[in-house]
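Chains, contacts and geometry: an overview
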Amino acid sequence: MALLSVEHLTRHFPLGRSLGAALRRLPRGWIKPVEDVSFGIGEGEILGIVGESGCGKSTTCNLLAKLDEPTGGTIHFDGADVTTLSPAELKRYRTHVQMIFQDPFDSLNPRLRAFDLVAEAPRALGLWDEAEIARRVPEMLALVGLPPERYAQRYPHQMSGGERQRVGIASALIAEPRLVIADEPVSMLDVSIRAGVMDLLRELSKRMNFSCLYVSHDLSILTHLCDRVMVMYLGQLVEIATSHDLVNDPRHPYTRALVAAVPVPDPAHRRPAVEIKGELAKPVNPPPGCRFAPRCNLAMPACSTTPAMLTVGDGHTVACHAVAATAGATAR
Ligand SMILES: Nc1ncnc2c1ncn2[C@@H]1O[C@H](COP(=O)(O)OP(=O)(O)OP(=O)(O)O)[C@@H](O)[C@H]1O
Ligand SMILES: [Mg+2]
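These lines cover the structure that appears in this document, whether it is placed above or below.

Rules behind the numbers
- Residues numbered from 1 in each chain as written.
- Chains lettered and ligands numbered in written order.
- Predicted model: local features only at pLDDT ≥ 70, side-chain atom pairs only at ≥ 80, totals over all residues.
- Heavy atoms only, no water.
- Near = heavy atom within 4 Å.
- Polar contact = N/O pair within 3.5 Å; in protein donor to acceptor, adjacent residues only side chain to side chain.
- Areas by Shrake-Rupley, 256 points an atom, 1.4 Å probe, with all protein chains shown as cover.
- Helix = DSSP H or I, 4+ residues; strand = E, 2+ residues; numbered from the N terminus.
- Pairing = 2+ DSSP bridges.
- Contact = heavy atoms within 4.5 Å.
- Axes fitted to C-alpha atoms, helices over the stretch in contact; angles between N-to-C directions.
- Buried < 20%, exposed > 50% of the residue type's maximum accessible area, 1.4 Å probe, protein only.

**Quick notes on the site of ligand 1**
As a matter of local geometry, ligand 1 sits amid 13 residues, with Ser 53, Gly 54, Lys 57, Ser 58 and Thr 59 nearest to it. Here Cys 55 contributes a backbone N or O atom positioned 3.2 Å from an oxygen atom of ligand 1. Within the side chain of Lys 57, an N or O atom sits 2.8 Å from an oxygen atom of ligand 1. About the coverage of ligand 1: the protein hides 65% of its 640 Å² of free accessible area. Secondary structure elements with two or more residues in the shell around ligand 1: strand S2 (30-41) and helix H2 (57-64). Take the shell around ligand 1: its biggest share by element is 3 residues, from H2.

Put into structure tokens, the structure is as follows:
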């Protein structure tokens, strides 16, 4: 059984209306950044989400972390429905599911030292007494590569971006979560230190045996780090596969374009470029059907209806009418 199971997850936000539009009773518009998204995360698995800016990655993370509530669909964690948790169960969920944020400067309280930043969650959740916290926090700082004798008393402004993000990781991991949601945790960091922070997260996920949902708009980062990757386009899940299959056998036209754009280190081996026409749209009042269709070279009349997720290989599913029309695919 998957640790986390998401079915038909949907989030719509009402668009603000001017007073004039409200008085004239013009219909309200909607932003639809997450539309009917279904996936699961296994125990100890690292699942990546990739997609362009505004495609709903952070909104999905916020729903899973219960920082926001869905418009529709269900989230099950360890078999329990997350939308109907009692206060005691919600507290347990907040211990089991932790988030690492994009901006380590913004997400850390500037008035707290590293020790107290890492101790913040266990204190708020009432997990341990101060003696236990005094034992665990230095251990955790050491585990993320920050020797406590040098770092425990430092404020965020006395650390580099990479060190601050390591404090962010320590804060997320101190309560021994079962799922870590990392929303672009290295995108604000210098390129030279990104790999170190990612490798640390991967190593710790194996050692502490937590699952991870890792968001990035950089496919090459995800395929290096993740067991499986899901691709989102304007709020819709378009393809999900193992990192290997996604890179070597992408099926959705959008995934093909993403893969084609990833640089290959061997100059003798060039991937053919795949063009996407048009500009990136926003998920504002999207018409029904496949949201990639207006930019897709393979678009056909059927694309005005939403394609079902089709299984095209072991653990490999794709939502595309053109793929369904050509492949011997089987419906999920
Ligand atoms: N609270 C909100 N109210 C209204 N619209 C919102 C809200 N939160 C997100 N949106 C809109 O939903 C869309 C998706 O936003 P989201 O932050 O999930 O994208 P993202 O994939 O994380 O993008 P990025 O790569 O830039 O971080 C955007 O168009 C955004 O403006
Ligand atoms: Mg985001």
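Still more ground to cover, so stick around.
**Re the sheet that holds strand S5 (residues 80-81)**
The strand order S2-S1-S4-S5 describes an open sheet built from 4 strands, whose pairing is antiparallel. Strands with a single pairing partner mark the edges of an open sheet, and in this sheet they are S2 and S5. As defined by bridge partners, strand S1 (residues 4-14) adjoins S2 across 7 bridges and the pair is classed as antiparallel. Looking at the pairing, Arg 11 lines up with Val 34 of S2. Across the sheet, H2 touches S1, S2 and strand S4 (72-77), and the angle it forms with S1 is around 115 degrees.

**Here's the deal with the side chain of Thr 255**
By the element assignment, Thr 255 lies in helix H11 (residues 253-260). Judged by its relative accessible area of 0%, Thr 255 is buried. Once you skip the residues sitting within four places of it in the chain, Thr 255 turns out to touch Val 231, Val 238, Glu 239, Leu 246 and Pro 250.

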